[in-house]
Amino acid sequence: VELVRMIEKGIVIPFHKQVCSSCHKIPYSRAWLKAEVKEGMHVIHVGKRVKPFQHWEPIYIGTNEEPWYDERLSWEGRSDKMSQGYKMCLLDYEFRILDNAFLVHRPGIKTKEQIKDMIGSKKVAAQNSLLRKTIYPEIKKLYSMRKGCEMFT
């Protein structure tokens, strides 16, 4: 209840809403805001990384069976979780969306202007090149393509 009120007042926002809203557009988030608050934790929806959520970067609890995060990438170059999410889409992963599990990111709300100051355009360009010229072709060799899955925004 408190978190919903804070969202309504604009005190908190969805993660990176001002930086990459499509990357953190959570399936059924509007329904969650209106849902009745219950004790415990429940699956309220099952989401997939397909349109209109094809660039969603879900935060999830997994095992070593999921495609690994590609350590050639870094957050400073942006789009660092896109290849992992793309592989999970190709494998038709479903994500259980919980009603009472939250992740709070501090120190606050980042804007595009702040990110530009923090991240060098050379790193972004180099990482985009690595993604397009090396990682994406590797993924195409390893996985079957699936309609609705996208890696690039």
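Because the structure is a prediction, the values reported are computed rather than measured.

> Outline the packing of aromatic side chains, listing residues and values.
Summed over all chains, the structure comprises four aromatic pairs. Seen in terms of ring centroids, W56 and F95 are 5.4 Å apart; in terms of plane orientation they differ by 70 degrees. Their pairing is edge-to-face. In this pair, W56 sits in the loop between β1 (43–47) and α4 (82–90) while F95 sits in strand β2 (residues 95–98), placing the two residues 39 residues apart along the sequence. Considered together, W56 and F95 belong to a single accessibility category, that of buried residues. Ring centres of Y86 and Y136 lie 5.9 Å apart, and the angle between their planes is 40 degrees; on these two criteria the pair is classed as tilted.

> Describe in detail the side chain of H55, supporting the description with residues and values.
Tracing the sequence through the fold places H55 in the loop between β1 and α4. A polar contact is formed between the side chain of H55 and the side chain of E150, at a distance of 3.2 Å. For H55, the contacting residues outside a window of four places in its chain are S22, C23, R49, M82, E150, F152 and T153.

> Tell me about the environment of V1, and name the residues and values.
Summarising the element assignment, V1 is placed in the segment before α1 (2–9). Note: C-alpha distance between V1 and L33 (32 residues apart in sequence) is 9.1 Å.

> Residues and numbers for unusual backbone geometry, please.
The residue after K51, namely P52, is reached through a cis peptide bond having omega 5 degrees. Checked against the element boundaries, P52 lands in the loop between β1 and α4. Look at Y28: it is not a glycine, yet its phi comes out positive at around 65 degrees. Residue placement: Y28 occurs in the loop between α2 (17–20) and α3 (29–34). The residue D92 is not glycine, and still its phi comes out positive at about 65 degrees. With respect to the secondary-structure elements, D92 resides in the loop between α4 and β2. Classification of D92 as partly exposed rests on a relative accessible area of 33%.

> Residues and numbers for the nonpolar core, please.
Counting twelve residues, the largest nonpolar core is built from C20, C23, L73, M82, Y86, C89, L90, L131, I135, I139, C149 and M151. Of all elements in the fold, only α4 and α6 (121–142) reach the threshold of two or more residues within this core. Among the elements that make up this core, the one with the highest residue count is α4 (four residues). With five residues, the next largest nonpolar core counts W56, M88, F95 and I97 among its residues.

Calculation notes
Residues numbered from 1 in each chain as written. Predicted model: local features only at pLDDT ≥ 70, side-chain atom pairs only at ≥ 80, totals over all residues. Heavy atoms only, no water. Phe/Tyr/Trp six-rings, centres within 6.5 Å; stacked < 30°, edge-to-face > 60°. Helix = DSSP H or I, 4+ residues; strand = E, 2+ residues; numbered from the N terminus. Buried < 20%, exposed > 50% of the residue type's maximum accessible area, 1.4 Å probe, protein only. Polar contact = N/O pair within 3.5 Å; in protein donor to acceptor, adjacent residues only side chain to side chain. Contact = heavy atoms within 4.5 Å. Core = buried A, V, L, I, M, F, W, Y, C linked by side-chain atoms within 4.5 Å.

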